[in-house]
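Secondary and tertiary structure notes
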Amino acid sequence: MKLAAAATALIFVAGCTTDPFTGEQRLSSTAGGVGIGAGLGALAGLAVGGSPRAQRNAVLIGAGVGALAGGAVGNYMDRQEDELRQQLQGTGVSVTRVGDQIILNMPSNVTFDTDQDQVRSEFYSTLNSVGLVLRRFPQTIVDVNGHTDSTGSRQHNQGLSERRALSVANYLNSQGTDGRRFAVNGFADTQPVASNATPEGRQQNRRVEIHLSPIT
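A brief report on the enclosed structure follows. A quick note: this is a predicted structure, and the numbers were derived from the prediction, not measured.

**Let's talk about the overall build of the protein**
From N to C terminus, the protein includes 8 helices and 7 strands. Burial analysis of the protein (216 residues in total) assigns 44% to the buried set. By sequence separation, contacts in the protein at least 24 residues apart represent 70% of the contacts at least 6 residues apart. Accessible surface, the protein: about 10,000 Å² in total, of which carbon and sulfur atoms supply 52%.

**Concerning the packing of aromatic side chains**
Here the structure, examined in full by the defined rule, presents 2 aromatic pairs. Pairing Tyr76 with Phe137 gives two aromatic rings, centres 5.3 Å apart and planes at 75°, and the pair type is edge-to-face. Taken as a pair, Tyr76 in helix 4 (residues 71–88) and Phe137 in the loop between helix 6 (124–136) and strand 5 (140–147) lie far apart in primary sequence, 61 residues in all. Like Tyr76, the residue Phe137 is buried in the burial classification. Taking 4.9 Å as the distance between ring centres and 20° as the angle between the ring planes, the aromatic pair formed by Tyr124 and Tyr171 counts as stacked. Pair noted here: Tyr124 is in helix 6 and Tyr171 is in helix 7 (residues 154–174), with a separation of 47 residues, a long-range link. Here Tyr124 falls in the partly exposed class, since its relative accessible area comes to 27%.

**Some points on the pattern of salt bridges**
By the definition in use, this model includes 13 salt bridges. Put simply, Asp143 and Arg56 hold a salt bridge, and the shortest N to O gap is 3.0 Å. One end of the pair, Asp143, is in strand 5; the other, Arg56, is in helix 3 (residues 52–62), and 87 residues separate them in sequence. We note that Asp143, like Arg56, is buried. A salt bridge links Arg154 to Asp189; the nearest nitrogen and oxygen atoms lie 2.7 Å apart. Of the two residues, Arg154 is situated in helix 7 and Asp189 in the loop between strand 6 (182–186) and helix 8 (199–205); the sequence distance between them amounts to 35 residues. Bridged by salt links that share partners, the residues Asp78, Glu81, Arg85 and Arg97 form one connected network.

**Details of the pairing of strand 5**
With 8 of 8 residues buried, strand 5 is to be regarded as a mostly interior element. Of the two faces of strand 5, both are covered, the one formed by Thr140, Val142, Val144 and Gly146 as well as the one formed by Ile141, Asp143, Asn145 and His147. Inspection of the sheet shows strand 5 paired to strand 7 (residues 207–214) by 8 bridges, in the antiparallel sense. Residue pairing across strands places Val142 opposite Leu212, the latter belonging to strand 7. The pairing of strand 5 with strand 6 spans 5 bridges and is parallel. Counterpart to Val144 in the pairing with strand 6 is Val184.

**Some words on the packing of helix 6 against helix 7**
Look at helix 6 against helix 7: their axes get within 9 Å of each other, and the N-to-C directions meet at 60°. The angle between the axes of helix 6 and helix 7 places the two elements in the oblique class. Note on packing geometry: the crossing formed by helix 6 with helix 7 is right-handed. Residue-level contacts link Tyr124, Leu127, Asn128, Val130, Gly131 and Leu134 of helix 6 to Val168, Tyr171 and Leu172 of helix 7.

**Remarks on the pairing of strand 6**
With respect to burial, strand 6 is a largely interior element, 4 of its 5 residues being buried. For the crossover from strand 5 across helix 7 to strand 6, the handedness is right-handed.

**What to know about helix 6**
Along its 13 residues, helix 6 runs 18 Å from first to last C-alpha, staying within 8% of the 18 Å computed at 1.5 Å per residue. Within helix 6 the residues assigned to the buried category are Thr126, Leu127, Ser129, Val130, Gly131, Val133 and Leu134. Against the buried residues of helix 6 lie helix 4, strand 4 (101–107), strand 5, helix 7 and strand 7.

Calculation rules
Residues numbered from 1 in each chain as written. Predicted model: local features only at pLDDT ≥ 70, side-chain atom pairs only at ≥ 80, totals over all residues. Heavy atoms only, no water. Helix = DSSP H or I, 4+ residues; strand = E, 2+ residues; numbered from the N terminus. Buried < 20%, exposed > 50% of the residue type's maximum accessible area, 1.4 Å probe, protein only. Contact = heavy atoms within 4.5 Å. Areas by Shrake-Rupley, 256 points an atom, 1.4 Å probe, with all protein chains shown as cover. Phe/Tyr/Trp six-rings, centres within 6.5 Å; stacked < 30°, edge-to-face > 60°. Salt bridge = Lys/Arg side-chain N within 4 Å of Asp/Glu carboxyl O. Pairing = 2+ DSSP bridges. Axes fitted to C-alpha atoms, helices over the stretch in contact; angles between N-to-C directions. Parallel < 35°, antiparallel > 145°, perpendicular 65-115°, else oblique. Left-handed = near helix turned anticlockwise from the far one by under 90°. Right-handed = clockwise from strand over helix to strand, strands pointing away. Expected span 1.5 Å × (residues − 1).

Quick look at the structure:
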């Protein structure tokens, strides 16, 4: 645990910048993809072994957030899905249910200005609605994943996808969602949902996805 604490301090000191929403220190967007994921995990106190999801489950259960089991999982995610659909209707954010997971797809054209990584102020109210539901359903862990199209270099796209995902996670955290619930990842153009050969396809590929999973 002492080693984990030292690593946490090192990550925080080496890669901080000022969060534009809260004025507080956050992980620098210049950190690499693995660094961002590991840094956010470390800052959240994730010092146990296992996968990132298992780590968050363990930390939150240890902090007194109850785990879900059996039929309670489906009912819990059903209610969360219903609230998200109500809150996000007409916002441009799609809500997709895949088993016991909910995926929110936030197209970059409504979330960010072109080639920028700061959330547009017009989108704050939408993220506020997401944050409201997340606070009502604390037994949910949150993966924020950034994606780009194939235009530009892989290095540029990797950094942009990471920074955009981190901006969304930081905003939700600034609105009161427990940071220990988050993992942040950037995938550049490696997970397209449409063809990059057309403008329409590239627009679909530029997105931030929020994956919501139950604590079990």
